[in-house]
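Take a look at the letters that make up each chain.
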Amino acid sequence: MSDMIVKVSDSQFDQEVLQADLPVLVDFWAEWCGPCRQVAPILDSLASQYAGKLKVAKLNIDENPNTPGRYGVRGIPTLMIFKGGQIAASKIGALPKTQLFQWVEQNLS
């Protein structure tokens, strides 16, 4: 995992995501999830390409069960973009790199 990506827990979620100055892309994931591992390198490149415009965070659902429940996460990977403490967009499942970048671009503008 890139050092551009913030690892968040249930206890840090409000501060790191909801109170962030930038939009935040949160990846709800788990170690055992194959599609989550497919998306990981794409998120690394997203984090570096959008540095200063978008914060990228990962939340392990096995270690942090409260936050996924709060946001109705039922499948993983679930990606959510938060702006000003609110969900601006969400996607469930692994996306190819071009589609993931397009989705982020659409939701940042």
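Higher on the page you've got the structure.
Conventions adopted
- Residues numbered from 1 in each chain as written.
- Predicted model: local features only at pLDDT ≥ 70, side-chain atom pairs only at ≥ 80, totals over all residues.
- Heavy atoms only, no water.
- Phe/Tyr/Trp six-rings, centres within 6.5 Å; stacked < 30°, edge-to-face > 60°.
- Helix = DSSP H or I, 4+ residues; strand = E, 2+ residues; numbered from the N terminus.
- Lys NZ or Arg CZ within 6 Å of the ring centre and 35° of its normal.
- Buried < 20%, exposed > 50% of the residue type's maximum accessible area, 1.4 Å probe, protein only.
- Polar contact = N/O pair within 3.5 Å; in protein donor to acceptor, adjacent residues only side chain to side chain.
- Contact = heavy atoms within 4.5 Å.
- Pairing = 2+ DSSP bridges.
- Axes fitted to C-alpha atoms, helices over the stretch in contact; angles between N-to-C directions.
- Right-handed = clockwise from strand over helix to strand, strands pointing away.
- Parallel < 35°, antiparallel > 145°, perpendicular 65-115°, else oblique.
- Left-handed = near helix turned anticlockwise from the far one by under 90°.
- Nonpolar A, V, L, I, M, F, W, Y, C, P; charged D, E, K, R; others polar.

Colleague: Can you lay out the packing of aromatic side chains for me, pointing to particular residues and giving the numbers?
Modeller: According to the stated counting rule, one finds 5 aromatic pairs in the structure shown. Here Phe13 and Phe28 contribute two aromatic rings whose centre-to-centre distance is 6.5 Å and whose plane-to-plane angle is 35 degrees, an arrangement assigned as tilted. Here Phe28 lies in strand S2 (residues 24-29) and Phe13 lies in helix H1 (residues 13-18), a separation of 15 residues in the sequence. Through a chain of ring-to-ring contacts, the aromatic side chains of Phe13, Phe28, Tyr71 and Phe82 assemble into a single cluster. The ring of Trp29 is capped by Lys58, whose NZ or CZ atom sits 5.0 Å from the centre of that ring.

Colleague: How would you summarise unusual backbone geometry if you had to cite specific residues and measurements?
Modeller: For the peptide bond that leads from Ile76 to Pro77, omega is -5 degrees, which places it in the cis range. Among the structural elements, Pro77 can be located in the loop between helix H3 (66-70) and strand S4 (78-83).

Colleague: Can you break down the side chain of Asp27 residue by residue, with the values?
Modeller: Residue placement: Asp27 occurs in strand S2. Overall, Asp27 belongs to the buried group, its relative accessible area being 0%. Within polar-contact distance, the side chain of Asp27 engages the side chain of Lys58 at 2.9 Å. Apart from residues lying up to four places away in sequence, Asp27 is in contact with Leu43, Ala57, Lys58, Leu59, Pro77, Thr78 and Leu79.

Colleague: Kindly report on the sheet that holds S2, identifying the contributing residues and their values.
Modeller: In spatial order, the strands read S1-S3-S2-S4-S5; together these 5 strands make up an open sheet with mixed pairing. Each edge of the open sheet carries a strand with a single partner, namely strand S1 (5-8) and strand S5 (86-92). Direction aside, the axes of adjacent strands within the sheet are offset by 25 degrees on average. Helix H4 (residues 97-108) contacts S2, S4 and S5 of the sheet and is inclined by roughly 20 degrees relative to S4.

Colleague: Before we move on, can you summarise the pairing of strand S3 (residues 55-60) with the specific residues and values?
Modeller: Each regular strand displays side chains that alternate between the two surfaces of the sheet. Among the 6 residues of S3, 6 are classified as buried, and the element is accordingly described as predominantly covered. By the alternation rule, side chains of S3 split into Lys55, Ala57 and Leu59 and Val56, Lys58 and Asn60, which are all buried. Alignment of S2 against S3, held across 6 bridges, turns out to be parallel. From the neighbouring strand, Phe28 faces S3, where its bridge partner is Leu59. For the segment spanning S2, helix H2 (residues 34-49) and S3, crossover handedness is right-handed.

Colleague: Give a description of the packing of H2 against H4 that names residues and reports values.
Modeller: Contact geometry for H2 and H4: axes closest at 10 Å, N-to-C directions at 40 degrees. Classified by the angle between their axes, H2 and H4 sit oblique to one another. For the pair H2 and H4, the sense of crossing is right-handed. Judged by residue contacts, Val39, Ile42, Leu43, Ser45, Leu46 and Gln49 of H2 engage Lys97, Leu100, Phe101 and Val104 from H4. Here the contact of H2 with H4 is composed, by residue class, of 7 nonpolar, 2 polar and 1 charged.

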